[in-house]
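# Structure at a glance
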Amino acid sequence: DVKVTQSSRYLVKRTGEKVFLECVQDMDHENMFWYRQDPGLGLRLIYFSYDVKMKEKGDIPEGYSVSREKKERFSLILESASTNQTSMYLCASSFSNNEQFFGPGTRLTVL
Amino acid sequence: EDQVTQSPEALRLQEGESSSLNCSYTVSGLRGLFWYRQDPGKGPEFLFTLYSAGEEKEKERLKATLTKKESFLHITAPKPEDSATYLCAVSASGGSYIPTFGRGTSLIVHP
């Protein structure tokens, strides 16, 4: 059974903190994605990685960075968290341009 | 630019009242159209991939169909447990591995 896991389901951080969100997939997929999802705005792509150490900016990369040192792991970093980064963060993986498999999501609250 | 429009935004049904959700798309060469189900506070769950016009896929009370311009998700005799947001996405055959998502249809089935 395919599996994408995320390091936390719920996270509460303070403004200015550095935040790490981790995602691990066990399907040997080369593509991994980070999205944020906000009511009324749908899924918005933050970053995409198509191979180890490779990354592309998505629609809203400002305030975020990513790291992919191993094929199965894709990390999202908020360098200095702000209240407008309070959101649901979703990780996904895929093989080629086939269907994506999503993790359970991390609900991040920045106070 | 690839576009996906889902309608209606929200749909309320009585248990047993069949209906359809629409996904209209424009894409420069369709590689695949994907349907997902998303429960509140969770990540999207993959349902179907459709590749070419005329194709149909079924799973329990759900049937997805595809034409050259749109896809329908038909829900037959829905039950309250079918309540969820249904997302549609398309991937293009041009080489990008980044799918384009619609905003989703929120379905509520009343007992």
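This text gives an overview of the structure that appears in the document. (Residues numbered from 1 in each chain as written. Chains lettered and ligands numbered in written order. Predicted model: local features only at pLDDT ≥ 70, side-chain atom pairs only at ≥ 80, totals over all residues. Heavy atoms only, no water.)

### What about the overall build of chain A?
The helix and strand inventory of chain A stands at 0 helices and 11 strands. Taking as baseline every contact in chain A between residues at least 6 positions apart, the subset at least 24 positions apart corresponds to 54%. Separation between the mean location of the 15 positive side-chain charges and that of the 15 negative ones in chain A comes to 7 Å. (Helix = DSSP H or I, 4+ residues; strand = E, 2+ residues; numbered from the N terminus. Contact = heavy atoms within 4.5 Å. Lys, Arg positive; Asp, Glu negative; His and termini not counted. Charge placed at Lys NZ, Arg CZ, Asp CG, Glu CD.)

### Remarks on the pattern of salt bridges
Tallying each qualifying case throughout the model produces 10 salt bridges over all chains. The salt bridge partner of D38(A) is R44(A), with a shortest N-O separation of 2.8 Å. Between E56(B) and K63(B) there is a salt bridge; the shortest N-O distance is 3.7 Å. A relative accessible area of 48% places E56(B) in the partly exposed class. (Salt bridge = Lys/Arg side-chain N within 4 Å of Asp/Glu carboxyl O. Buried < 20%, exposed > 50% of the residue type's maximum accessible area, 1.4 Å probe, protein only.)

### As for the side chain of T65(B)
Residue and element names in this part refer to chain B. For T65, the location among the structural elements is in strand β7 (residues 62–66). Using a relative accessible area of 13% as the deciding quantity, one classes T65 as buried. Engagement of the side chain of T65 in a polar contact is seen with the side chain of H74, the distance being 3.4 Å. Filtering out sequence-adjacent residues up to four positions away, T65 remains in contact with L50, E55, E56, E70, S71, F72 and H74. (Polar contact = N/O pair within 3.5 Å; in protein donor to acceptor, adjacent residues only side chain to side chain.)

This is a description of form; function is not addressed.
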